[in-house]
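# Report on the structure
Letter by letter, the chains look like this.
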Amino acid sequence: AEDGIRDVERSRGLGDVYKRQPMARDFGWTSTQAGFIQSAFFYGFAVSQLPGGYLSTKMGGARVLPIGMLILSAATIAIPIVGVDEKSIFFLRALVGLGEGVAPAAATDIIARSVSVSERSRAVGFVFSGFNVGSVVGLVVAPLVIEATN
């Protein structure tokens, strides 16, 4: 059945998922399976938005941000070690999103507590444009690095 799905994907021009996503090739995932794995990050990210904001307000973003980065980093490190199937990789990718999801609220709290009112809009613009630039660069560069180191 999986071969049939891949044939349909190739006929629709979707077969190049293997060129863009080295893990998809290594695990033999279809584009649907690869999309499912990639979506895990956003599930974790979405779930941690409100709790991240609440905790940043109560504890301070300077305390919450390192906790989020610890979760994100540990899950990222664990992916090549324990990510042996779709379920484990999905779970770890969701943890990456969970850790990163607290960053916007924590960054906003840090700025609110440490930047003067006259400079806050510039600081928020700088920080949040960095989130977006980092996402774009990471999505472009990561597959190239993975491919180069395999």
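Residues numbered from 1 in each chain as written. Predicted model: local features only at pLDDT ≥ 70, side-chain atom pairs only at ≥ 80, totals over all residues. Heavy atoms only, no water.

## Some details on the overall build of the chain
This is how the line gets drawn: The helix count covers DSSP runs of H or I at least four residues long, the strand count covers runs of E at least two residues long, and both are numbered beginning at the N terminus. Here the term buried applies to any residue with accessible area under 20% of the maximum for its type, exposed to any over 50%, and partly exposed to those in between, with areas from a 1.4 Å probe on protein chains only. Contacts between residues were defined by any pair of non-hydrogen atoms, one from each residue, lying within 4.5 Å. Shrake-Rupley sampling with a 1.4 Å probe provides the accessible areas, and residues are treated as covered by the protein chains on show and by no other component.
When you go through the chain residue by residue, the secondary structure sums to 8 helices and 0 strands. For the chain, the sequential pattern of α-helices and β-strands runs α-α-α-α-α-α-α-α. Counting all 150 residues of the chain, 29% fall into the buried class. A separation threshold of at least 6 residues defines the contact pool for the chain, and within that pool the share at least 24 residues apart is 64%. Roughly 9400 Å² of accessible area belongs to the chain as shown, and the carbon and sulfur atoms make up 69% of that amount.

## Brief notes about the packing of helix α4 (residues 31-59) against helix α7 (residues 103-114)
We apply this condition: Orientation is described by lines fitted to C-alpha atoms, with helices fitted over the stretch in contact, and by angles between N-to-C directions that extend from 0 to 180 degrees. Here the angle decides the label: under 35 degrees means roughly parallel, over 145 means roughly antiparallel, 65 to 115 means roughly perpendicular, and every other value means oblique. Each helix crossing is assigned a hand: it is left-handed if the near helix lies turned anticlockwise from the far helix by less than a right angle, otherwise right-handed if that turn is clockwise. When residues are sorted by character, Ala, Val, Leu, Ile, Met, Phe, Trp, Tyr, Cys and Pro go into the nonpolar class, Asp, Glu, Lys and Arg into the charged class, and all the rest, Gly among them, into the polar class.
At a minimum axis distance of 7 Å, the contact between α4 and α7 shows a crossing angle of 25°. Between α4 and α7, the crossing angle belongs to the class labelled roughly parallel. The hand of the α4/α7 crossing is right-handed. Contacts between α4 and α7 involve Phe45, Gln49, Gly52, Gly53, Ser56 and Thr57 from the first element and Pro104, Ala105, Ala106, Asp109 and Arg113 from the second. Partitioning the contact of α4 with α7 into residue classes produces 4 nonpolar, 5 polar and 2 charged.

## Considerations on helix α8 (residues 120-149)
Think of an α-helix as turning once every 3.6 residues; residues three or four places apart then point the same way. Filter applied, for reference: Under the convention used throughout, the expected extent of a helix is 1.5 Å for every residue step, that is, one less than its residue count. At every residue, the bend is computed as the angle between two fitted axes, covering the seven residues ending there and the seven beginning there respectively.
The end-to-end C-alpha distance of α8 is 41 Å, a good match for the 44 Å that 30 residues give at a rise of 1.5 Å each. The largest bend along α8 measures about 30° and falls at Val141, with the proline Pro143 one to four residues further on.

## Concerning the nonpolar core
Formally: Residues belong to one nonpolar core when they are buried, are Ala, Val, Leu, Ile, Met, Phe, Trp, Tyr or Cys, and are joined through side-chain atoms within 4.5 Å.
Among the nonpolar cores identified, the biggest contains 7 residues, and these are Phe41, Leu72, Ala75, Ala78, Ile79, Leu92 and Val96. Listed by contribution, the elements that provide at least two residues to this core are α5 (61-82) and α6 (86-101). When residues no more than four places from it in sequence are discounted, the contact partners of Ala78 are Gly83 and Leu92. By size, the runner-up hydrophobic cluster in this structure holds 5 residues, among which are Ala24, Ala34, Ile37 and Ile89.

## Section: the layout of surface pockets
Formally: The rule is simple: put a 1 Å grid over the protein atoms alone, call a set of points where a 1.4 Å probe fits but cannot get out a cavity, call an open set with protein on both sides within 12 Å along at least five of seven lines a pocket, and count a residue as lining if it has an atom within 4 Å of a point. Grid points are joined across faces, edges and corners, and a volume is the space filled by probe spheres set on the points.
Roughly 1300 Å³ of internal volume is contained in the largest pocket. Residue lining of the largest pocket: 33 residues in total, with Phe41, Arg93, Gly138, Leu139 and Ala142 positioned closest to the centre. Of all the secondary structure elements, the ones that give two or more residues to the lining of the largest pocket are α3 (22-27), α4, α5, α6, α7 and α8. The element contributing the most residues to the lining of the largest pocket is α8, with 9 residues. For the lining of the largest pocket, the class distribution of residues is 22 nonpolar, 8 polar and 3 charged.

## Quick look at the pattern of salt bridges
Spelled out, the test is: For this document, the term salt bridge refers to a Lys or Arg side-chain nitrogen within 4 Å of an Asp or Glu carboxyl oxygen.
Under the definition given, this model contains 2 salt bridges. Of the charged contacts in the structure, one is a salt bridge between Arg113 and Asp109, with a shortest N-O distance of 2.7 Å. With a gap of 4 residues between them, Arg113 and Asp109 both fall in helix α7, about one helical turn apart. Residue class for Arg113 comes out exposed when judged on its relative accessible area of 56%. For the salt bridge of Glu119 with Arg122, the shortest nitrogen-to-oxygen distance reads 3.6 Å. Taking relative accessible area as the criterion, Glu119 reaches 34% and is therefore assigned partly exposed. For Arg122, a relative accessible area of 60% gives the class exposed.

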